[in-house]
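# Fold and geometry: a report
Each chain, written out:
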Amino acid sequence: MKSVILIAAPAAGKGTEAAYLKEQYNMPHISTGDMLREKAQEDSDLGRDINHKINNGIFVSDELIIEILKQRIMQEDCNNGYILDGFPRNVAQAEAYQDMLEELGKDLGVVIVLDIDKKLAASRIAGRISCPECKEVYNTSNEEMKPKEEGICDKCGAKLVKRADDNEETYMDRYNTYMEKTSPLIDFYEKQGVVYHVDGNNGREETHKQVVKILGE
Ligand code: AMP
């Protein structure tokens, strides 16, 4: 199976779609945000610095994220492809990633862009909660995405949490950063002929159907 890079504005549904893909194709879901949230809990200067950055929607350094990602994709479970959610975040990371792939003898795979209306994405932020254990994402403002039992993960029973950066103010910063730094990647990858656009405005089931049409059953 080819690796998949998901590109989309914050709260467009990357994490949700990545979880579907993980299940359907049995590929690891690599979320750099989740990896950083774990590191942010470490009682160290680095942990505190990461915590401050993610809570304020500021990118961590390219060097750090590239090193973390490299260690992850060198693991055996990534040998047959993986889903990247949250990386690359800018052109410098994409360039470093090309070199990394070449060094490791891996293929780029395909890039799926989830297109979503800004207002819709922002409206999802208020109700978004997630599982710190299995990373399942829920949304209390959407009937289709509510957990069966309030505050509890359907999948693993852990207590659901709200991300510190999921508030309106930080969202606007994250969105603007996405437009300025991340969206130029679409052009970068379009030049390589590996980009597919999917309409992310119609809910998670419909989005997933479209992605499967691209990747095959
Ligand atoms: P996410 O869960 O993808 O929304 O990421 C949450 C936060 O983690 C971002 O707002 C950044 O602060 C940080 N982060 C995640 N991925 C990256 C990356 N590839 N480069 C830099 N910072 C990142």
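These remarks concern the structure in this document. Throughout this description, residue numbers start from 1 for each chain and increase along the sequence as written. Local features in this predicted model are restricted to residues of pLDDT 70 or higher, and side-chain atom pairs are both shown and tallied only at a pLDDT of 80 or more, whereas totals for entire chains, interfaces and linings draw on every residue. Based on all heavy atoms of the structure, the side-chain values leave hydrogens and waters out of the count.

On to the packing of aromatic side chains, then. The aromatic pairing rule takes the rings of Phe, Tyr and Trp, using the six-membered ring of Trp, and pairs them if the centres are within 6.5 Å, calling planes under 30 degrees apart stacked, those over 60 edge-to-face and the rest tilted. Summed over all chains, the structure comprises four aromatic pairs. Measuring from centroid to centroid gives 6.2 Å for Tyr171 and Tyr175, while their planes differ by 35°, and the two rings are tilted. With Tyr171 and Tyr175 both in helix H7 (residues 168–182) and four residues apart, this pair spans about one turn of that helix. As far as burial versus exposure is concerned, Tyr171 and Tyr175 are alike and both buried. The rings of Tyr171, Tyr175 and Tyr178 are connected pair by pair, giving a single aromatic cluster. Helix and strand definitions follow DSSP, with helices as H or I runs of at least four residues and strands as E runs of at least two, each counted in order from the N terminus. Each residue is placed in one exposure class: buried if its accessible area under a 1.4 Å probe, protein chains only, is under 20% of its type's maximum, exposed if it is over 50%, and partly exposed if it falls in between.

Right, let's talk about the packing of helix H4 (residues 62–73) against helix H5 (residues 91–104) for a bit. For every element, the axis is a line fit to its C-alpha atoms; helices are fit only across the contacting stretch, and the angle between N-to-C directions ranges from 0 to 180 degrees. One can describe the packing of H4 onto H5 by two numbers: an axis separation of 11 Å at closest approach and a directional angle of 30°. It follows that H4 is roughly parallel to H5 by the angle criterion. The way H4 lies across H5 gives a crossing that is right-handed. Judged by residue contacts, Asp62, Ile65, Ile66, Leu69, Lys70 and Ile73 of H4 engage Ala92, Gln93, Ala96, Tyr97, Met100, Glu103 and Leu104 from H5. Residues are grouped as follows: Ala, Val, Leu, Ile, Met, Phe, Trp, Tyr, Cys and Pro are nonpolar; Asp, Glu, Lys and Arg are charged; every other residue, Gly included, is polar. Across the contact of H4 with H5, the residue classes break down as nine nonpolar, one polar and three charged. For this classification, under 35 degrees means roughly parallel, over 145 means roughly antiparallel, 65 to 115 means roughly perpendicular, and everything else is oblique. Handedness of a crossing follows from how the near helix is turned relative to the far one, being left-handed for an anticlockwise turn of less than a right angle and right-handed for a clockwise one. Whether two residues are in contact is decided by their heavy atoms, any of which lying within 4.5 Å being enough.

Our focus in this paragraph is the site of the ligand. Near the ligand there are 17 residues, and of these Thr32, Arg37, Ile58, Gly86 and Gln93 occur at the shortest range. About the coverage of the ligand: the protein hides 96% of its 480 Å² of free accessible area. Looking at which element gives the most residues to the shell around the ligand, the answer is helix H2 (residues 32–39), with four residues. When grouped by side-chain class, the residues that make up the shell around the ligand number seven nonpolar, five polar and five charged. Proximity is defined per residue: any heavy atom of the residue falling within 4 Å of a molecule or strand makes that residue near it. Residue exposure ignores everything except the shown protein chains as possible cover, and the areas themselves are Shrake-Rupley values with a 1.4 Å probe.

What sets the pattern is the α-helix's 3.6 residues per turn: residues three or four places apart point alike. Relative to the 20 Å expected for 14 residues at 1.5 Å per residue, H5 spans 20 Å between its end C-alpha atoms, a close match to the ideal helical length. Of the positions making up H5, those classed as buried are Gln93, Ala94, Tyr97, Met100 and Leu101. An end-on view of H5 places all buried positions within 115° of arc, on one side of the element. In H5, the exposed positions angled more than 90 degrees off the buried face are occupied by Asp99, Glu102 and Glu103. The length a helix should cover is 1.5 Å for every residue beyond the first. The directions from the helix axis to the C-beta atoms are what the arc is built from.

Looking at the second largest pocket, its volume works out to about 370 Å³. Mapped onto the lining of the second largest pocket, the elements with two or more residues apiece are helix H1 (14–25), strand S2 (29–31) and H2. Residue composition of the lining of the second largest pocket, grouped by class: four nonpolar, three polar and nine charged. Method remark: on a 1 Å grid restricted to protein atoms, a set of points is classed as a cavity if a 1.4 Å probe fits but cannot get out and as a pocket if it is open with protein on both sides within 12 Å along at least five of seven lines; lining residues have an atom within 4 Å of a point. Grid points are joined across faces, edges and corners, and a volume is the space filled by probe spheres set on the points.

Within the secondary structure, Gly47 sits in helix H3 (residues 45–55). Once the C-alpha coordinates of Gly47 and Arg37 are considered, the two residues, 10 residues apart in sequence, prove to be 9.0 Å apart. Beyond its immediate sequence surroundings of up to four residues, Gly47 is in contact with Lys39, Ala40 and Glu42.

Bear in mind that shape data such as this cannot, by itself, settle questions of function.
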